[in-house]
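Below are the chains, spelled out letter by letter.
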Amino acid sequence: MSSPLFSEKAFKAVAGTSYGDSMTLRGTVDKSILLFLTLLVPAVWIWNKMGSDPEYAMNNGIQSYMWGGIIIGLISILVITFKKEWSPYLAPVYAAAQGVVLGSISMFFEAMFPGIVMQAVGITLGIFALMLAAYKTGVLRATPLFTKVIYMATAGVAIFYLVMWIGNMFGATGLSSFYGGNSMFSIGLSVVIAGIASFNFILDFNFIEENAKAGAPKYMEWYSGVALLATLIWLYIEILRLLAKLQSRD
């Protein structure tokens, strides 16, 4: 979830402090595309390495790759959050680590539901394009009320994830079983969460645009690229889950 990375405090701390080149919209777009491609390479690599076979993957250390990607990704994004000037160096590390994780997760979903990965990728990119068009045409704007609602909704989802994770640690799997199930309530919840993730793009676009105008330092292009990629990853995973729930009802 990218909203914490795109907080006003994060940008106010650096806006106007650049003594060289400043952040631009074009530069941010270029960095975001580069990070997306960086994510794809290890995702394809881990998928091919494991032969698209979940049983083979489980017997050949797929868990180690996934946990390694999760830990490296978490550490890199935490460092970036507090040391924004390191973004040009750590942003590709974060993207590559997430690529390993997403490639592994996607492989398992594809084995259960053939064709689901390309569907999820297409829907995710389609939503991204739709949100960008809605923002550029003024159909959706990051008004104070809109921003407040999306921030609160995103925080609520984060708390839901945290409670579910803690419950799993202590053997209380009721919440995760409900969320992972294919009931109409579970599907509805996935739709709501995917919607919240989608509307986060409007906040992302607004912060990038406003702070490019404010003259944020050039390295903030990488920082912004990471935050935008984080939203894209979140949405993709939720779409993947939603499609899996729908297909399991067939």
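Described below are features of the structure shown in this document. (Residues numbered from 1 in each chain as written. Predicted model: local features only at pLDDT ≥ 70, side-chain atom pairs only at ≥ 80, totals over all residues. Heavy atoms only, no water.)

In this structure the tally under the stated criterion is five salt bridges. The residue Lys218 makes a salt bridge to Glu221 at a minimum N-O spacing of 2.9 Å. Classification of Lys218 as partly exposed rests on a relative accessible area of 35%. Glu221 gets classed as buried once you look at its relative accessible area, which sits at 0%. Among the salt bridges present, the one from Arg241 reaches Glu238, with a minimum N-O distance of 2.9 Å. (Salt bridge = Lys/Arg side-chain N within 4 Å of Asp/Glu carboxyl O. Buried < 20%, exposed > 50% of the residue type's maximum accessible area, 1.4 Å probe, protein only.)

Glancing now at the environment of Ser104. Checked against the element boundaries, Ser104 lands in helix H5 (residues 87-112). As for Ser104 and Pro92, which are separated by twelve residues in sequence, their C-alpha atoms are 18 Å apart. When neighbours within four sequence positions are excluded, Ser104 is seen to be in contact with Ile46, Ile62 and Met66. (Helix = DSSP H or I, 4+ residues; strand = E, 2+ residues; numbered from the N terminus. Contact = heavy atoms within 4.5 Å.)

Together, Ile159, Val163, Leu175, Phe178 and Phe185 make up an exposed nonpolar region whose accessible area comes to about 500 Å². Among the elements of the structure, helix H7 (144-169) and helix H8 (174-180) are those that each provide at least two residues to the nonpolar patch. Counting through the fold element by element, Phe178 comes out in helix H8. Classification of Phe178 as partly exposed rests on a relative accessible area of 34%. (Patch = residues over 30% accessible without salt bridge, like charges linked within 9 Å, V, L, I, M, F, W, Y side chains within 5 Å. Areas by Shrake-Rupley, 256 points an atom, 1.4 Å probe, with all protein chains shown as cover.)

This paragraph deals with the nonpolar core. One finds Ile116, Tyr161 and Leu229 to be the most contacted residues of the largest nonpolar core, which totals 53 residues. Of all the secondary-structure elements, those providing two or more residues to this core are helix H2 (25-49), helix H4 (62-82), H5, helix H6 (116-136), H7, helix H9 (184-213) and helix H10 (220-248). When residues of this core are assigned to their parent elements, the largest contribution, 16 residues, is made by H10. (Core = buried A, V, L, I, M, F, W, Y, C linked by side-chain atoms within 4.5 Å.)

Before going further, it helps to examine the packing of aromatic side chains. Tallied over the full model, the rule gives eight aromatic pairs. Residues Tyr135 and Phe205 carry aromatic rings whose centres are separated by 5.9 Å and whose planes lie at 50 degrees to one another, so their mutual orientation is tilted. In this pair, Tyr135 is assigned in helix H6 and Phe205 in helix H9, connecting sequence segments 70 residues apart. Here Tyr135 matches Phe205 in class, with each residue buried. Ring geometry for Phe146 versus Phe199: centroids 5.9 Å apart, planes at 85 degrees, classification edge-to-face. Taken together, the positions of Phe146 in helix H7 and Phe199 in helix H9 put the pair 53 residues apart, joining distant regions of the chain. Classification of Phe146 as buried rests on a relative accessible area of 18%. With a relative accessible area of 32%, Phe199 lands in the partly exposed category. (Phe/Tyr/Trp six-rings, centres within 6.5 Å; stacked < 30°, edge-to-face > 60°.)

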